[in-house]
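Working through the structure, step by step
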Amino acid sequence: MNFLTSTLVLVALTALLFWLMWRSWRRRGKRDADLAPIETALTGDTIASFDRVFYVATTPQGAPLERVAVPGLAFRGWAQVTVRTDGLEVQVTGEAPVVIAREAITGETLAQLTIDKVVEHDGLSNLEWVSPRGTLATSFRFSTPNQQHEFAESIARMLNQHPNSTTARSLEEA
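Residues numbered from 1 in each chain as written. Predicted model: local features only at pLDDT ≥ 70, side-chain atom pairs only at ≥ 80, totals over all residues. Heavy atoms only, no water.

This brings us to the pattern of salt bridges. Applying the stated criterion across every chain, the model contains 2 salt bridges. For E103, the salt bridge identified is with R102, shortest N-O distance 3.8 Å. Looking at R102, the relative accessible area reads 17%, which means it is buried. (Salt bridge = Lys/Arg side-chain N within 4 Å of Asp/Glu carboxyl O. Buried < 20%, exposed > 50% of the residue type's maximum accessible area, 1.4 Å probe, protein only.)

Below you can see the structure in the form of structure tokens.
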């Protein structure tokens, strides 16, 4: 094989690989399009607001290495997270805001890893919420342990304000 032939074979294989990755991501996006949380704005009082949080990924609960492409949460990046009395809003830079109603949130836990990210023990905060296909875990990386603790407390306060909530128990067990 001469140089030109081997170069053309490598270019074709690289193009095929990129096409397969693009096609797979589009299929995942179509598969997960129905997982979008509510699209209405929250009107409750603000419990806590975090201006610069690193949004890592959303995965099925118990499967931290399988990314879910929820619209607005498909790509990792810096985000603004606002916890209100009636739910949580996540605004990832460059994405549409995502609103998760309080009724869908089941708790907050700590983790060490999720897809694309491994950190120190309990370095990630997972917001667990129910979607049409089961429970999902949305992972955040806070700048300081104090922010992480404040986030956990704000989720607990939001869940405890609902008189019929049994989901706040998961916070006490963590």
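So, about the environment of A33. In this fold, A33 is placed in the loop between α1 (3–31) and β1 (46–60). Judged by its relative accessible area of 43%, A33 is partly exposed. With 23 residues separating them along the chain, A33 and V56 place their C-alpha atoms 19 Å apart. (Helix = DSSP H or I, 4+ residues; strand = E, 2+ residues; numbered from the N terminus.)

It is worth spelling out the pairing of strand β9 (residues 134–141) at this point. Bridge count for β1 against β9 is 6 bridges, and the pairing is antiparallel. Within the sheet, the bridge partner assigned to F54 lies in β9 and is R141. Between strand β8 (residues 124–131) and β9, which pair antiparallel and follow one another directly, the connecting turn spans 2 residues. (Pairing = 2+ DSSP bridges.)

If you trace the 7 strands from one edge of the open sheet to the other, you get β4-β3-β2-β1-β9-β8-β5, paired in antiparallel fashion. With one partner strand each, in any of the chains shown, β4 (98–101) and β5 (105–111) form the two edges of the open sheet. Each strand of the sheet is rotated relative to its neighbour by a mean of 35°, with strand direction disregarded. Of the strand pairs in this sheet, strand β2 (residues 77–84) and strand β3 (residues 87–92) are connected by 6 bridges, and their pairing is antiparallel. Paired with Q80 across the strands is Q91, a residue of β3. Most of the contacts of helix α2 (residues 145–160) go to β5, to which it runs at about 160°, and overall it touches β1, β2, β3, β5, β8 and β9. (Axes fitted to C-alpha atoms, helices over the stretch in contact; angles between N-to-C directions. Contact = heavy atoms within 4.5 Å.)

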